[in-house]
Amino acid sequence: MTVPETATAAAPAPAHFTLTEDEIRAKFPARPCGYDLYRQIGSPKLVVAPMVDQSELAWRILSRRYNAQLCYTPMINAKLFTPANKGFFKEQWQTNSEDRPVIVQFCSNDPDVLLKAANLVADDADAVDLNLGCPQHIAKRGHYGSYLMEDWDLISKLIRKLHENLKIPVTAKIRVFPDVAKTVEYAKMVEAAGAQMITVHGRLREQRGHKTGLADWAKIRAVKEAVNVPVFANGNILYYEDIQRCIDETGVDGVMSAETNLYNPALFSGKALPTWQLATEYMEICRQVTTRPQFIRGHLFKLFRNSLPIHTDLRQQLVAAETLDGYEQATRDIKARLIEEAATCDPPFDPDHIESDELGYRKYPHWICQPALRFEHDKQRSQTKRLLNEVKTDKQKTPDKNSNSSSGAIDVSVDSYDISKRHKAAAA
């Protein structure tokens, strides 16, 4: 008598699954998995994303002071991360006693190279993350990040290599596909390979730069409902209130911020703080923690983003700075100018009573930390343009010899979300 095959028979494990889950647990009995890992690192809900050249140690320290509960390092190219490459190694991997919990993110397309790199940080990190979301052209040329999305076999091999051989857990950060079902199957494959937490950036690979658009929280929710490991959501977080809204709509275990954290590192505190306060504190940290001047420049330009087109002389001073001393002096001079301007604000800024525009975006003074709003192909309606116009009107009433309200050759284009859709998808 022939016994028919059952439709529910388990598929054979891929050839690169050389150990069973029981054997892996026996090999690493102290290594936490899934929700045990999540609880061990404090059940974080407020997470700073991995950002190339931007989530360095000094910035992670600053973010933690304003309620960040977990931080990722910048994405590190595993192929370049070797002790022989001393400059790159030291520049990319810095940590100290203030820097926990921390997850180190790598990009790679070679399982053996990835494992070698991961072993170099295993003593000082809580987990290693595989970048499967970078959409930049350099990732396409290097065949890593989101450009591995079609090569599920390679992704599985990368994750499995760490899962079977690394003494700390492996996690992954992914993007979504246009199709929900394919996105869910993709996440389940990543989980099956051994990822102990998954961050879902709810955008397609093509959604980058001025084509960023909205993240799809429905797809994030579908992933959360399909897998058994903790899930973080990434995308559409402009204000503190968006954090709980995202958790409510997706059911995720935590929310990760990337771009908004760069413009407002106090995002997770729920406070509306002056840019000079955060910039001054960051510079004090940089005095204690060695930080590349290029990193400092990038952060200061983002923090003072809305003020520099107004105070163009200070912008030029910041452009000319090249050393830590130069950046500190520029920060002090910008701070003095902005404090003077804030003192004459009429009516005074009241963080408990913030007006919104017709689209629901909050109207902060340019010297308050705030998200960068992306109005696709519409510079005339940008936040920076609005601030410039307001200042121009004020200058006509009260001239200020210290300021220059002309935008000149300064690019006032902005980065964030499509104004036509944001409140349909993200509003309460």
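Just so it is clear, the structure is predicted and the values come from calculations on it, not from any experiment.

Draft legend 1. Expanded view of the overall build of the protein chain. Across its full length, the protein chain holds 17 helices and nine strands. Taken across its 428 residues, the protein chain has 55% of its residues classed as buried. Expressed as a percentage of contacts within the protein chain between residues at least 6 apart in sequence, the contacts between residues at least 24 apart total 73%. Element-wise, carbon and sulfur atoms account for 51% of the exposed surface of the protein chain, whose accessible area totals about 19300 Å².

Draft legend 2. Focus on the packing of aromatic side chains. Applying the stated criterion across every chain yields a total of eleven aromatic pairs. Relative to Tyr282, the ring of Trp59 lies with its centre 5.4 Å away and its plane at 75°, an arrangement referred to as edge-to-face. With Trp59 in helix α3 (residues 57-65) and Tyr282 in helix α12 (residues 275-288), the pair connects residues that are 223 residues apart, well separated along the chain. Take Trp59 and Tyr282: they sit in the same class, and that class is buried.

Draft legend 3. Region of the structure containing the side chain of Ser55. Following the sequence through the fold, Ser55 ends up in the loop between β1 (46-48) and α3. At 3.0 Å, the side chain of Ser55 forms a polar contact with the backbone nitrogen of Met51. If we ignore the near neighbours within four places in the chain, the residues touching Ser55 are Ala49, Pro50, Arg60, Tyr72, Thr73 and Pro74.

Draft legend 4. Helix α14 (residues 312-320), seen in detail. Listed in full, the buried residues belonging to α14 are Thr312, Leu314 and Leu318. Mapping the buried residues of α14 onto a view down its axis gives an arc of 155°, with all of them on the same face. Buried positions along α14 lie against α13 (293-303) and α15 (324-343).

Draft legend 5. A look at the nonpolar core. Counting residues in each nonpolar core, the largest one holds 113 residues, and the members touching the most others are Phe106, Leu132, Ile159, Tyr186, Val190 and Tyr282. The dominant element in this core, judged by the number of residues it contributes, is α12, at seven residues. Residue contacts for Val190: discarding those within four places in its chain leaves Leu132, Ile155, Ile159, Ala172, Ile174, Ala195 and Ile198. Counting residues in hydrophobic clusters, the runner-up holds six residues, among them Cys134, Ala139, Tyr144 and Tyr147.

Draft legend 6. Quick peek at the pattern of salt bridges. Counted under the stated rule, the structure contains 23 salt bridges. Across the salt bridge formed by Arg160 and Glu21, the nearest N and O atoms sit 3.0 Å from each other. In this pair, Arg160 sits in helix α7 (residues 152-165) while Glu21 sits in helix α1 (residues 21-27), placing the two residues 139 residues apart along the sequence. Judged by relative accessible area, Glu21 falls into the partly exposed class, the value being 34%. Close ionic contact of Lys167 with Asp123 constitutes a salt bridge, the shortest N to O distance being 2.4 Å.

Draft legend 7. Molecular detail of the pairing of strand β6 (residues 170-175). Extensive coverage of β6 is indicated by the burial of six of its six residues. By the alternation rule, side chains of β6 split into Val170, Ala172 and Ile174 and Thr171, Lys173 and Arg175, which are all buried. Sheet analysis places strand β5 (residues 127-132) next to β6, joined by five bridges and oriented parallel. Within β6, the residue paired with Leu130 across the bridge is Ala172.

Draft legend 8. Summary view of the packing of α7 against helix α8 (residues 180-193). It is the contact of α7 with α8, at a shortest axis distance of 8 Å, that shows an interaxial angle of 30°. Comparing the axis directions of α7 and α8 gives the class roughly parallel. Side by side, α7 and α8 meet where Trp152, Ile155, Ser156, Ile159, Arg160 and His163 of the first sit next to Lys182, Glu185, Tyr186, Met189, Val190, Ala192 and Ala193 of the second. For the contact of α7 with α8, a count of residues per class yields eight nonpolar, two polar and three charged.

Draft legend 9. Structural view of the side chain of Thr199. The topology assignment puts Thr199 in strand β7 (residues 198-201). Owing to a relative accessible area of 1%, Thr199 belongs among the buried residues under this scheme.

Draft legend 10. Quick peek at the packing of α12 against α15. Following both chains from N to C, one finds α12 and α15 inclined at 160°, their axes separated by 9 Å at the closest point. What the angle tells us is that α12 and α15 run roughly antiparallel. Here the hand of the crossing between α12 and α15 comes out left-handed. Counting all contacts with α12, which are made through Thr275, Trp276, Ala279, Thr280, Met283, Cys286 and Arg287, the residues of α15 involved are Leu324, Asp325, Tyr327, Glu328, Thr331, Lys335, Leu338, Ile339 and Ala342. Of the residues contributing to the contact of α12 with α15, the split by class is nine nonpolar, three polar and four charged.

Draft legend 11. Quick look at unusual backbone geometry. Note the cis peptide between Arg100 and Pro101, where omega equals -5°. Within the fold, Pro101 resides in the loop between α4 (86-92) and β4 (102-107). Geometrically, the link from Asp346 to Pro347 is a cis peptide bond, its omega value of 0° lying close to zero. Inspection of the secondary structure puts Pro347 in the loop between α15 and α16 (383-397). Here Asn236, not a glycine, exhibits a phi torsion of approximately 75°, which is positive. By secondary structure assignment, the location of Asn236 is in the loop between β8 (231-234) and α10 (240-250).

Draft legend 12. Looking closely at the environment of His299. If you trace the backbone, His299 turns up in helix α13. In sequence terms His299 and Ala279 are 20 residues apart; their C-alpha atoms lie 8.2 Å from each other. Leaving out residues up to four positions away in the same chain, His299 has contacts with Gln54, Glu56, Trp59, Leu262 and Tyr282.

Draft legend 13. Inspection of the pairing of β5 at higher detail. Burial analysis of β5 places six of its six residues in the buried class, which makes it a mostly covered element. Residue alternation in β5 divides its side chains into two sets, Ala127, Asp129 and Asn131 and Val128, Leu130 and Leu132, and both sets are buried. For β4 and β5, the ladder comprises four bridges, and the chain directions are parallel. Directly across from Gln105, in β5, lies its bridge partner Asp129.

Basis of the calculations
- Residues numbered from 1 in each chain as written.
- Predicted model: local features only at pLDDT ≥ 70, side-chain atom pairs only at ≥ 80, totals over all residues.
- Heavy atoms only, no water.
- Helix = DSSP H or I, 4+ residues; strand = E, 2+ residues; numbered from the N terminus.
- Buried < 20%, exposed > 50% of the residue type's maximum accessible area, 1.4 Å probe, protein only.
- Contact = heavy atoms within 4.5 Å.
- Areas by Shrake-Rupley, 256 points an atom, 1.4 Å probe, with all protein chains shown as cover.
- Phe/Tyr/Trp six-rings, centres within 6.5 Å; stacked < 30°, edge-to-face > 60°.
- Polar contact = N/O pair within 3.5 Å; in protein donor to acceptor, adjacent residues only side chain to side chain.
- Arc of directions from axis to C-beta.
- Core = buried A, V, L, I, M, F, W, Y, C linked by side-chain atoms within 4.5 Å.
- Salt bridge = Lys/Arg side-chain N within 4 Å of Asp/Glu carboxyl O.
- Pairing = 2+ DSSP bridges.
- Axes fitted to C-alpha atoms, helices over the stretch in contact; angles between N-to-C directions.
- Parallel < 35°, antiparallel > 145°, perpendicular 65-115°, else oblique.
- Nonpolar A, V, L, I, M, F, W, Y, C, P; charged D, E, K, R; others polar.
- Left-handed = near helix turned anticlockwise from the far one by under 90°.

So, to be careful, I would describe these as geometric facts and stop short of saying anything about function.
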